[in-house]
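Fold and contact review
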Amino acid sequence: MAWVITKLCSDCQDTACVEVCPVDCIYGLTVDDGSYRKQLFIEPSECIDCAACEPECPYGAIFQDQEVPEIFQDDIQINAQVFQDHPKDDFTIKPEPIREHPSQEVVEANYEKWGYQRR
């Protein structure tokens, strides 16, 4: 199993999850590609299923692949496809955060933007 970063990370990209990953499998795409949102991605073949990243994401954007909510199911394939479409040189394990540590209001607005209702 692997973990998946969903579109809840789009244009937010808090890097707390990157800092705790013991195998450095969370990447930022460093090239412009209109096929992919500005967000972080987990390389599925490198993920050791340790779950260290999930509680660190203030946006609640990270899910185990088998528990990704229905509304974000396409993110499973997107998360894997980006690593097939781009060579390793197009990624960094030290991405710059876009925003850091959002307020609860910002998180709720992000959920609303994507039509997500947390259980």
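It should be emphasised that the depicted structure is a prediction, and the values quoted were computed from it without experimental measurement.

**So, the overall build of the protein**
- Per the secondary structure count, the protein includes three helices and five strands.
- Going from N to C terminus, the protein has its helices and strands arranged as β-α-β-β-β-α-β-α.
- Against the compact-globule benchmark of 14 Å for 119 residues, the protein has a radius of gyration of 13 Å, which places it among compact chains.
- C-alpha atoms of the protein, sized along the principal axes, occupy 35 × 30 × 30 Å.
- Each of the 119 residues in the protein was classed as buried or not, and the buried ones make up 45%.
- Partitioning the contacts of the protein with sequence separation of at least 6, the portion at a separation of at least 24 is 82%.
- When the accessible surface of the protein is summed, it comes to about 6,500 Å², and 46% of that surface belongs to carbon and sulfur atoms.

**Thoughts on the packing of aromatic side chains**
- Inspection of the entire model under this criterion finds eight aromatic pairs.
- A centroid spacing of 5.6 Å and a plane angle of 70° characterise the contact between Y27 and F83, whose relative ring orientation is edge-to-face. Highlighted residues: Y27 in strand 2 (residues 26-29) and F83 in helix 2 (residues 74-85), separated in sequence by 56 residues.
- Note on F83: relative accessible area 12%, which makes it buried.
- Their ring planes at 70° and their centres at 5.8 Å tell us that Y27 and F91 sit as a pair that is edge-to-face. Of this pair, Y27 sits in strand 2 while F91 is found in strand 5 (residues 91-92), placing the two residues 64 residues apart along the sequence.
- A relative accessible area of 8% means that Y27 is categorised as buried.
- F91 sits in the buried class, given a relative accessible area of 9%.

Scoring rules and cut-offs
For every chain, the first residue of its written sequence is number 1, and the numbers climb from 1 along that sequence. At least 70 in pLDDT is required for a residue's local features to be given in this predicted model, at least 80 for side-chain atom pairs to be given and counted, and no such filter applies to totals for whole chains, interfaces and linings, which use all residues. As a convention, hydrogens and water are excluded, and side-chain values are obtained from all of the structure's heavy atoms. A helix here means a DSSP run of H or I that spans at least four residues, while a strand means a run of E at least two residues long, and both kinds are numbered starting from the N terminus. Radius of gyration: over C-alpha atoms. The globule rule applied is 2.2 Å multiplied by the number of residues raised to the 0.38 power. Each residue's exposure class comes from its accessible area (1.4 Å probe, protein chains only) as a fraction of the maximum for that residue type: buried when under 20%, exposed when over 50%, partly exposed otherwise. In what follows, residue pairs with any heavy atoms lying within 4.5 Å of each other are defined as contacts. Accessible surface area values rest on a Shrake-Rupley calculation with a 1.4 Å probe, where residue burial reflects the displayed protein chains alone. Two aromatic rings from Phe, Tyr or Trp, using only the six-membered ring of Trp, form a pair when their centres are within 6.5 Å; if the ring planes differ by under 30 degrees the pair is stacked, by over 60 it is edge-to-face, and anything between is tilted.

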